Amino acid sequence: AAAAAAAAAVVGRSLDVVLALMEVDAIDADVVGYVVQDCFQAHTIDECARLMAVVENRAEEIAAAADSGGKKVSLLLLRVCTEFLRRVSRTDDASLCGRVLLFLAKVFPLSDRSGVNPKGNINIDNITEFEDEENFVGETTTTTTTTTTTS
């Protein structure tokens, strides 16, 4: 745990340096995306959970880097987050998945192409069958009225 905290602190300082250098135009905005990518690819999921807090605290600066860096930085951040979401168990680490999705919502505008269905494609093969409300209520009451006998 101490090693993960130390790694998160080092990543935080490194990210601060990269963001400061980007602000004074000493480096390209792409470097911010590469630093985030390298951090998430090189650490375990538990360590990445701590790194996510570091990245979340700097979401506004990273969003500025994505805006100034153009599509390349935006796509890089999107790829990093989706790859990380594939690694994380959605049932065991639901809150971590939610934090990643909230980070993406902070970084990308609602009109971003990655979150919009521009062609309007829908899944017509998915058919949802609804039960009548009376049948549904009747089924739930029969399962709840089961009695148990104890000897």
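Description of the structure in this document.

1. Observations regarding the overall build of the chain
Next, step 1: A count of helical and extended segments in the chain gives 7 helices and 0 strands.
Next, step 2: Along the chain direction, N to C, the helices and strands of the chain fall in the order α-α-α-α-α-α-α.
Next, step 3: For the chain, the proportion of its 151 residues judged to be buried stands at 30%.
Next, step 4: Put simply, of all contacts in the chain between residues at least 6 apart along the chain, 67% involve residues at least 24 apart.
Next, step 5: Only carbon and sulfur atoms are counted for the fraction: they give 54% of the accessible area of the chain, which is about 10,400 Å².

2. Topic: helix H2 (residues 30–42)
Next, step 1: Counted at 1.5 Å a residue, the expected span for H2 with its 13 residues is 18 Å, and the 18 Å between its end C-alpha atoms agrees.
Next, step 2: Taken residue by residue, H2 has Asp30, Val32, Gly33, Val35, Val36, Gln37, Cys39 and Phe40 as its buried positions.
Next, step 3: Considering only its buried residues, H2 is in contact with helix H1 (2–23), helix H3 (45–57), helix H4 (59–69) and helix H5 (71–87).

3. Considering the nonpolar core
Next, step 1: Leu15, Val32, Phe40, Ile62 and Phe103 are the most contacted members of the largest nonpolar core, which has 36 residues in total.
Next, step 2: Of all the elements in the fold, those that place two or more residues in this core are H1, H2, H3, H4, H5 and helix H6 (94–107).
Next, step 3: Contact partners of phenylalanine 40, with chain neighbours within four places excluded, come to Cys48, Leu51, Met52, Val55, Val80, Phe84 and Arg87.

4. A few points about the environment of cysteine 48
Next, step 1: Looking at the element boundaries, cysteine 48 is found in helix H3.
Next, step 2: With relative accessibility at 0%, the residue cysteine 48 sits in the buried group.
Next, step 3: In this structure the C-alpha to C-alpha distance between cysteine 48 and alanine 8, which are 40 residues apart in sequence, comes to 8.5 Å.

5. Observations concerning the side chain of arginine 58
Next, step 1: With respect to the helices and strands, arginine 58 occurs in the loop between H3 and H4.
Next, step 2: Arginine 58 gets classed as buried once you look at its relative accessible area, which sits at 16%.
Next, step 3: Polar contacts involving the side chain of arginine 58 include one to the side chain of aspartate 16, which spans 2.6 Å.
Next, step 4: Each residue touching arginine 58, except ones within four places of it in the same chain, is listed here: Gly12, Leu15, Asp16 and Leu19.

Parameters and conventions
Residues numbered from 1 in each chain as written. Predicted model: local features only at pLDDT ≥ 70, side-chain atom pairs only at ≥ 80, totals over all residues. Heavy atoms only, no water. Helix = DSSP H or I, 4+ residues; strand = E, 2+ residues; numbered from the N terminus. Buried < 20%, exposed > 50% of the residue type's maximum accessible area, 1.4 Å probe, protein only. Contact = heavy atoms within 4.5 Å. Areas by Shrake-Rupley, 256 points an atom, 1.4 Å probe, with all protein chains shown as cover. Expected span 1.5 Å × (residues − 1). Core = buried A, V, L, I, M, F, W, Y, C linked by side-chain atoms within 4.5 Å. Polar contact = N/O pair within 3.5 Å; in protein donor to acceptor, adjacent residues only side chain to side chain.

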